Amino acid sequence: MIGQELRCRECSRLFPLEALAVCDFCFGPLEVVYDYEAISALDLTARIENGPRSIWRYRDLLPVQDDDPVDLGAGFTPLVKAVRLGRELGLDDLWIKNDTLNPTGSFKDRVVSVALTAARHLGFKVAACASTGNLANSVAAHAAHIGMDSVVFIPKDLETPKILGTAIYGGNVVAIDGNYDDVNRLCTELAAEMPDWAFVNVNIRTYYAEGSKTLAFEIAEQLGWKAPDHVVVPIASGSQLTKVHKGFGELHKVGLIGEKHVKISGAQAAGCSPVATAFQDGTDFIRPVKPDTIAKSLAIGNPADGWYALEVVKNTGGSIEAVSDDEILEGIELLASTEGIFAETAGGVTIATLRKLAARGAFEPGEQVVALVTGHGLKTLDCLSGRVSVSTVIDPSLESFRKSIQAGEIVFSNPPDTR
Ligand SMILES: *Cc1c(COP(=O)(O)O)cnc(C)c1O
Ligand SMILES: [Zn+2]
């Protein structure tokens, strides 16, 4: 056991590793702290490199060291060198962390795998969550995998693939007539009523959040135990962004990477940009908003970790941009057509933000930049209808095909020879 204690992020009081999310003294959020001194870098490198090809290779730096974790194979997703997209944006060392390739198609599998492993340890009987979509998919799938009952709560206007892609796992899906912030408030009330229910992002959020650190661990390992210069992270609650930062810091503390200043920048949709707005206004106060954006997986109007995310961005010298729905769709198309990676709207937010930052010179020449693409495009197909389609419809004849080429309906960037 190395994940040793919980510590209040505000008053630093310590608590045992139990199902606690807030400090009972000051109501500050709790965070897991480890005994970094007790970890030897040499042993750790070997344990990681001989470990499973999932987030559990980093179990020494996760809050539950279970020999039999709840594991559908989350993590160890490709870090792709994005030469063509980089050229398009004027970045010579750009990488995409392709988290669309997780078991249920989003980065949420990382946090859920950790949360449900902890939940089982702590004796919870039911897996639950308040979700903007991807979390519901992941909780339902992981609960099915271990035969745990699940009840997930979602806003009722979610994308159809996310609803069906949750219901298929056989748990309960409760749609709420309200937005995510309403769903979250209800779940906070319910968590107090249901002592056996693990609401992964409410009463066991402390454990859940640690799963996001594995993004930083993998990026560093995939770069040959080196941190990049700059990472661009989408913001919903802000948890992922703060934990990516924590992850690089931990690798340095245990001696796996040298001291490195990693800039962290944030990405939000203009239709739900409370953190970007605070950043641009230069205030510390995150004013809650009513979300209205196609990036539903990021649509949290009152982000629980928004203030902490803002601090990380400011302290590391990053920045935060907000992008319009049109820019999000262009971002999805740009990533797909230059790199062959199909992202959902949240990925469009990251790429559109990356583009905006590049255009205004936010990256230094030669900077190694990693952009986190966190959800698969098949989850938000509807937003593309009317934007992309078949090139042409023809009769099954050579003549018909030739006509279509002559009419310019089939487009090449390097025109091939034709007879
Ligand atoms: C949940 C989510 C995020 C970010 O989540 P945080 O609440 O900020 O940790 C990013 N991308 C996708 C696709 C998500 O589903
Ligand atoms: Zn406290």
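These numbers come from a predicted model, not from an experiment.

Right, let's get into the pairing of strand β8 (residues 172-176). In this sheet, β8 lies alongside strand β7 (residues 149-155) in parallel orientation, the contact comprising five bridges. Across the sheet, the residue bridging to I154 is A175, located in β8. As a crossover connection, the stretch from β7 through helix α5 (residues 160-167) into β8 is right-handed.

Evaluation of the coordinates by the stated rule reveals five aromatic pairs. Each ring, one from F153 and one from F199, has its centre 6.1 Å from the other, and the planes form 25°; the classification is stacked. Of this pair, F153 sits in strand β7 while F199 sits in strand β9 (residues 197-199), placing them 46 residues apart in sequence. The exposure classification of F153 matches that of F199, with both residues buried. Their ring planes at 85° and their centres at 5.2 Å tell us that W307 and Y308 sit as a pair that is edge-to-face. Residue W307 is classed as partly exposed on the basis of its relative accessible area of 36%.

What follows is about the sheet that holds strand β5 (residues 94-98). One open sheet holds the six strands; their spatial order is β4-β5-β13-β10-β11-β12, and the pairing between them is mixed. Since the sheet does not close on itself, it has two edges, and those belong to β4 (79-81) and β12 (320-323), each with one partner. Neighbour to neighbour, the strand axes of the sheet diverge by 25° on average, direction disregarded. With three bridges joining them, β4 and β5 adopt antiparallel strand pairing. Note on β5: the bridge partner recorded for K81 is W95. Sheet strands touched by helix α8 (residues 213-222): β4, β5 and β13 (369-373). Its angle to β5, the strand with the most contacts, is close to 130°.

Ranked by size, the top nonpolar core spans 78 residues in total, and within it V200, V231 and F248 carry the most contacts. Sorting elements by how many residues they give to this core places helix α3 (residues 108-121) first, with seven residues. In contact with V200, other than residues within four places in its own chain, are A115, L116, A128, C129, L135, V139, R205 and Y208. One finds F199, L298, A346 and V349 within the second-largest nonpolar core, a separate group that totals 28 residues.

In an ideal octahedron of six donors the angles at the metal are 90 or 180 degrees, and in an ideal tetrahedron of four donors they are 109.5 degrees. Coordination sphere of the zinc ion (ligand 2), protein contribution only: C8 (SG), C11 (SG), C23 (SG) and C26 (SG), at 2.3 to 2.4 Å. Binding-site remark: the zinc ion (ligand 2) is held by donors from one chain whose sequence spacing is C-x2-C-x11-C-x2-C. Taken together, the positions of C8 in strand β1 (residues 3-8) and C26 in the loop between β2 (14-15) and β3 (30-34) put the pair 18 residues apart, joining distant regions of the chain. The exposure class assigned to C8 is buried, which follows from its relative accessible area of 2%.

Bringing the sheet that holds β9 into the picture now. The parallel open sheet is built from four strands, whose spatial order is β8-β7-β6-β9. For this open sheet the edge positions go to β8 and β9, each flanked by a neighbour on one side alone. On average, each strand axis in the sheet is inclined to that of its neighbour by 20°, with strand direction left out of account. Sheet analysis places strand β6 (residues 126-130) next to β9, joined by three bridges and oriented parallel. Its bridge partner lying in β9, V126 is registered against W197. Against the sheet, helix α4 (residues 134-146) makes contact with β6 and β7, and its axis sits at roughly 175° relative to β6, the strand it touches most. In the packing of helix α6 (residues 180-193) onto the sheet, the strands contacted are β6, β7, β8 and β9, and the crossing angle to β7 comes to about 145°.

The rules behind the values
- Residues numbered from 1 in each chain as written.
- Chains lettered and ligands numbered in written order.
- Predicted model: local features only at pLDDT ≥ 70, side-chain atom pairs only at ≥ 80, totals over all residues.
- Heavy atoms only, no water.
- Pairing = 2+ DSSP bridges.
- Helix = DSSP H or I, 4+ residues; strand = E, 2+ residues; numbered from the N terminus.
- Right-handed = clockwise from strand over helix to strand, strands pointing away.
- Phe/Tyr/Trp six-rings, centres within 6.5 Å; stacked < 30°, edge-to-face > 60°.
- Buried < 20%, exposed > 50% of the residue type's maximum accessible area, 1.4 Å probe, protein only.
- Axes fitted to C-alpha atoms, helices over the stretch in contact; angles between N-to-C directions.
- Contact = heavy atoms within 4.5 Å.
- Core = buried A, V, L, I, M, F, W, Y, C linked by side-chain atoms within 4.5 Å.
- Donors = N, O, S within 2.8 Å, 3.2 Å for Na, K, Ca; no water.

Coordinates in, geometry out; function isn't part of it.
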